[in-house]
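# Descriptive analysis of the structure
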Amino acid sequence: MIEFKNVKKIYDNGTVALDGVDLTIEDGEFVFIVGASGAGKSTLTKLLTREETITDGSLTVDEFDLVNMPERKIPYYRRRIGVVFQDFRLIPDMTVYENVAFAMEIVGEPKAKIKRTVGKVLETVGLIDKRNVFPNQLSGGEQQRVALARALANNAKTIIADEPTGNIDPRRSLEIMNLLIKIHKKNKTVIVVTHEKQLVDYFHQRVVTIENGVVTSDRVGGMFNEKV
Ligand SMILES: Nc1ncnc2c1ncn2[C@@H]1O[C@H](COP(=O)(O)OP(=O)(O)O)[C@@H](O)[C@H]1O
Ligand SMILES: [Mg+2]
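Keep in mind that this is a model prediction, so the values were computed, not measured. (Residues numbered from 1 in each chain as written. Chains lettered and ligands numbered in written order. Predicted model: local features only at pLDDT ≥ 70, side-chain atom pairs only at ≥ 80, totals over all residues.)

## Brief notes about the site of ligand 1
- Within the structure, ligand 1 sits among Tyr11, Asn13, Thr15, Ala17, Gly35, Ser37, Gly38, Ala39, Gly40, Lys41, Ser42 and Thr43.
- No other element matches the 3 residues that helix α1 (residues 41–48) contributes to the shell around ligand 1.
- Residue composition of the shell around ligand 1, by class: 3 nonpolar, 8 polar and 1 charged. (Near = placed C-beta within 6 Å. Helix = DSSP H or I, 4+ residues; strand = E, 2+ residues; numbered from the N terminus. Nonpolar A, V, L, I, M, F, W, Y, C, P; charged D, E, K, R; others polar.)

Structure follows, in structure tokens:
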């Protein structure tokens, strides 16, 4: 379970990015985080990945207290979370296969397991045929799917995607969203940050709206919501 309690984030230059956020996300939930540019969405995800620390309030993820977490525990904590960054962060001189495998190598997984898992996650995102290609030979949507495969590789229970449909056309956006729903159905907590309201409405999932650093609405969609 993820629990933000009255979370404030003020950057060093004085910008108040989050101004008292209360938000609870249960295990296995699918949540859209929406809001205008500058609302504080990416800040929220950076607090969860512990790239940034909160200024005030409390933030816990399962047994981890992100405020009082010692530095040495951060790499261990991060295995709980698979992140798809807004800018993909793929390594240009590594193939699709290597980009995904790398995520597992750095946590010391055995070779045989890496091989098996990378094949499986590339299958999931529909890129198995592109495994030996380099990122610059892929479309934006395909690069996004590599980033998603990498986020899945370590079997993290929570997947966070920040603007996964950022620079791709509407049809590809829908594909990526469908993939995230498919991943959610495999029992993962999925948090999707987006500013595409139309796309969000289509899926009828929980939608948390952030405006000027506060949660202004939190609603659960209707007919396609499988949580009954
Ligand atoms: N590293 C930073 N230093 C100072 N201000 C920042 C930093 N990152 C983000 N901000 C500011 O915090 C606010 C929220 O940003 P962000 O969380 O990126 O919003 P969103 O992802 O919703 O567009 C914005 O005003 C932004 O300019
Ligand atoms: Mg952002």
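Read on for the rest.
## Structural notes on the packing of helix α3 (residues 96–105) against helix α4 (residues 111–124)
- Contact geometry for α3 and α4: axes closest at 10 Å, N-to-C directions at 125°. It follows from the interaxial angle that α3 and α4 lie oblique. In this structure, α3 crosses over α4, and the sense of that crossing is right-handed. On α4, the residues touching Val96, Tyr97, Val100, Ala101, Met104 and Glu105 of α3 are Ile114, Thr117, Val118, Val121 and Leu122.
- When its residues are assigned to classes, the contact of α3 with α4 shows 9 nonpolar, 1 polar and 1 charged. (Axes fitted to C-alpha atoms, helices over the stretch in contact; angles between N-to-C directions. Parallel < 35°, antiparallel > 145°, perpendicular 65-115°, else oblique. Left-handed = near helix turned anticlockwise from the far one by under 90°. Contact = placed C-beta atoms within 7 Å.)

## Considerations on the pairing of strand β4 (residues 56–61)
- Across 5 bridges, the pairing between strand β1 (residues 2–10) and β4 is antiparallel. Bridge pairing in β4 links lysine 8 to aspartate 56.
- With 2 bridges connecting them, β4 and strand β5 (residues 64–65) associate as antiparallel partners. What sits directly across from threonine 60, in β5, is aspartate 65. (Pairing = 2+ DSSP bridges.)

## A short note on the nonpolar core
- Among the nonpolar cores identified, the biggest contains 59 residues, and Ile33, Val100 and Ala149 are the most heavily contacted of them.
- Take this core: its biggest share by element is 7 residues, from helix α5 (residues 140–153).
- The two domains that each donate at least three residues to this core are domain 1 (1–80 + 157–223) and domain 2 (91–155).
- Once residues lying within four places of it in the same chain are set aside, the contact partners of isoleucine 33 are Lys41, Leu44, Ile191, Val193, Val208 and Ile210. (Core = buried A, V, L, I, M, F, W, Y, C linked by C-beta atoms within 7 Å. Buried ≥ 20, exposed ≤ 12 C-beta atoms within 10 Å, placed from the backbone. Domains from an automatic or database assignment.)

## As for the domain arrangement of the protein chain
- According to the domain assignment, the protein chain consists of domain 1 (1–80 + 157–223) and domain 2 (91–155).
- Computed over C-alpha atoms only, the centres of domain 1 and domain 2 are separated by 23 Å.
- Counting from both sides, the interface comprises 10 residues of domain 1 and, opposite them, 9 residues of domain 2.
- Examining the composition of the side of domain 1 that touches domain 2, we find that 5 residues originate from one element, helix α6 (residues 170–185), more than from any other.
- Partitioning the side of domain 1 that touches domain 2 into residue classes produces 6 nonpolar, 1 polar and 3 charged.

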